[in-house]
Structure formats: structure tokens, C-alpha cells
Amino acid sequence: MSQGKLIVISAPSGSGKSTIINTILDAGTFDLQFSVSATNRNPRPGEVNGVHYHFMQTEDFREAVENGEFIEWEEVYPGRYYGTLRSEVDRQLEEGKDVILDIDVKGALNVKQMYGDKACTIFIEPPSIDELRRRLEGRGTDDAERINVRVGRAEYELSLAPQFDVRIVNDDLDKAVGMTSDAIAAFINA
Ligand code: ADP
Ligand code: 5GP
């Protein structure tokens, strides 16, 4: 059986990346396994341990780093760690399954370096920084300070967009979902 492929989706926080991924997974057009990352941040209302993230105490996260359990990990925001678990990715690929990852820009570029042509990196862009802020405020999951941290990181993240295989602007959601699905189909069927 041939090995599966990796679809790696990144975006500044609030661009609509999770909304796009969930819409595509719910549509069931593709047989994709979602790689559940580990993080030491607190769950948001509605987030389920083991489904959206493996929520960990900082100490346990550090121990997992030391045990080599992560393919990659990043301190995406000060004191906030996120990592892709080897156990979520490599076994699925070996079984010929395609895996979708929702990770930050640095993590995405690291995964691309490791997996090369087996990975397709997709960057979801907001129409503007002002709209990004509006979406984060509208989502209502972060306080003003955390929104500032997320918006503050967006310019750095946008500067790395040219290094991605595919770039999609999420202005009209339906169109962005369509373009992302097309990019996934083209990569999987290549
Ligand atoms: P991310 O996963 O990139 O942090 P989310 O998927 O949580 O972003 O989206 C952030 C907010 O923006 C959510 O409230 C979502 O409903 C909204 N959103 C997503 N896409 C659009 C869009 N095209 N137009 C307007 N609002 C959107
Ligand atoms: P959030 O707190 O909004 O769920 O995620 C914040 C950021 O962390 C997003 O850019 C998200 O893609 C990223 N992220 C989630 N999981 C991982 C991971 O395993 N590795 C890396 N590098 N980033 C991740």
C-alpha cells in the first residue's frame, strides 16, 4: 500500500482556518484523518480533550518534548506550547491514510522540510488585518490582551506566506472552502 500524504493548513489566528477545515471534514468529500495536536493552553468552551486538542499541563508537555513524542512543537504565543504528536501522524501515513494538520506557520514550514513532496502546505490569509481583528473579537474566545498578541503575530506570519505551496484568501467563506477543497483534491490525486 502506498504511503498517505500530509495536508498542512496554516493561517494567522482568526483567519478562519478551523472553520474551513471543519467544513471540509464535515462534508466528507475526503477521507482525511485530523492530527490532534497537544497544547498547554486551556480548552475553549465546546473544545473536547482528545478531539480538538490533547490538553496537557506544561510539565507533561515538557516531558513529551524530552521523550521525543513530537514531530515538531512551537511556543506559538508566550508560554503557550503546541506540538504535533508522532503518534497522530506516522502510523496513519504508513497505513496509507491522508492526514490534515492545523498548525502554525513555522511548524508548517518545518513539516514541509521533513516530508517534502509528501506534504502540501496551504496558507489561509485574512482579507486584511482589520478584518482579522474583527473576526477574533466576533469569535469571543480571547480577551483584548490575547487578541492583541494574536494580531501582533499576524504580520510576521503573513511574511512567511510566500514559502507555502498554496495561498488562499478567506474573504467569502464558501469560495475559500471551494478553493481549499480543490487544492486538496489536486494534491491527493496527483
Ligand atoms: P482560526 O482557526 O483561523 O483561528 P476560526 O475558524 O476560529 O479561525 O474563525 C475566526 C472567526 O471568524 C470565527 O468566528 C468564524 O466564524 C469567522 N469566520 C471564518 N471565516 C469567515 C469569513 N469568510 N467571513 C466572516 N467571518 C468568518
Ligand atoms: P489556537 O490556540 O487558536 O487553537 O491555535 C493557535 C495557533 O497554534 C494556531 O496557529 C494553530 O494552527 C497553532 N497550532 C495548533 N496545533 C499546533 C501544533 O501541533 N504545532 C504548531 N507548530 N502549531 C500548532
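Residues numbered from 1 in each chain as written. Chains lettered and ligands numbered in written order. Predicted model: local features only at pLDDT ≥ 70, side-chain atom pairs only at ≥ 80, totals over all residues. Heavy atoms only, no water.

In the region of ligand 2, 17 residues are neighbours, and Arg-41, Tyr-53, Glu-72, Tyr-82 and Asp-104 sit closest. Residue Ser-37 places a side-chain N or O atom 2.7 Å away from an oxygen atom belonging to ligand 2. Here an oxygen atom of ligand 2 sits 3.1 Å away from a polar atom, N or O, in the main chain of Thr-84. Look at ligand 2: alone it shows 510 Å² of surface, and the protein chains cover 96% of it. Taken together, the elements giving at least two residues each to the shell around ligand 2 come down to β5 (70-77) and β6 (80-85). In terms of residues, the shell around ligand 2 owes the most to one element, β5, which gives 4 residues. Taken together, the residues of the shell around ligand 2 break down into 5 nonpolar, 4 polar and 8 charged. (Near = heavy atom within 4 Å. Polar contact = N/O pair within 3.5 Å; in protein donor to acceptor, adjacent residues only side chain to side chain. Areas by Shrake-Rupley, 256 points an atom, 1.4 Å probe, with all protein chains shown as cover. Helix = DSSP H or I, 4+ residues; strand = E, 2+ residues; numbered from the N terminus. Nonpolar A, V, L, I, M, F, W, Y, C, P; charged D, E, K, R; others polar.)

Attention now goes to the sheet that holds β5. By definition, the strands of a sheet pair up through backbone hydrogen bonds, in either a parallel or an antiparallel sense. The strand order across the open sheet built from 4 strands is β4-β3-β6-β5, with neighbouring strands paired in mixed fashion. Where the open sheet ends on each side, the last strands, each with one partner, are β4 (54-55) and β5. (Pairing = 2+ DSSP bridges.)

With that settled, consider the environment of Val-169. Position of Val-169 among the secondary structure elements: in strand β9 (residues 166-169). For the pair Val-169 and Ser-128, spaced 41 residues apart in the sequence, the C-alpha separation amounts to 9.5 Å. When near neighbours in sequence (up to four residues on either side) are disregarded, Val-169 contacts Glu-125, Pro-126, Pro-127, Ala-176 and Met-179. (Contact = heavy atoms within 4.5 Å.)

Strand order in the open sheet formed by 5 strands is β2-β7-β1-β8-β9, with parallel pairing between adjacent strands. In the strand order of this sheet, the two ends are held by β2 (32-34) and β9, each with one partner. If you compare each strand with its neighbour and ignore which way they point, the axes differ by 25° on average. Two strands pair when backbone bridges link them, and strand β1 (residues 6-10) and strand β8 (residues 119-125) are joined in this way by 5 bridges, in the parallel orientation. Within β8, the position partnered with Ile-7 by the bridge is Cys-120. (Axes fitted to C-alpha atoms, helices over the stretch in contact; angles between N-to-C directions.)

The next point concerns the site of ligand 1. Neighbouring ligand 1 are 13 residues; Gly-14, Lys-17, Ser-18, Thr-19 and Arg-139 lie closest to it. Gly-14 places a main-chain nitrogen or oxygen 2.8 Å from an oxygen atom of ligand 1. Within the backbone of Leu-173, a nitrogen or oxygen atom sits 3.4 Å from a nitrogen atom of ligand 1. Elements supplying a minimum of two residues to the shell around ligand 1: α1 (17-27) and α5 (129-139). A per-element tally of the shell around ligand 1 places α1 first, with 3 residues. Considering only residue class, the shell around ligand 1 consists of 2 nonpolar, 7 polar and 4 charged.

Our focus in this paragraph is the packing of α5 against helix α6 (residues 144-159). Two elements in contact, α5 and α6, have axes separated by 10 Å at closest approach and are oriented at 145°. Classified by chirality, the crossing of α6 by α5 is right-handed. Residues Ile-129, Leu-132, Arg-133, Leu-136, Glu-137 and Arg-139 of α5 form the contact with α6, whose own contacting residues are Ile-147, Asn-148, Arg-150, Val-151, Ala-154, Glu-155 and Leu-158. Residue composition of the contact of α5 with α6, grouped by class: 7 nonpolar, 1 polar and 5 charged. (Left-handed = near helix turned anticlockwise from the far one by under 90°.)

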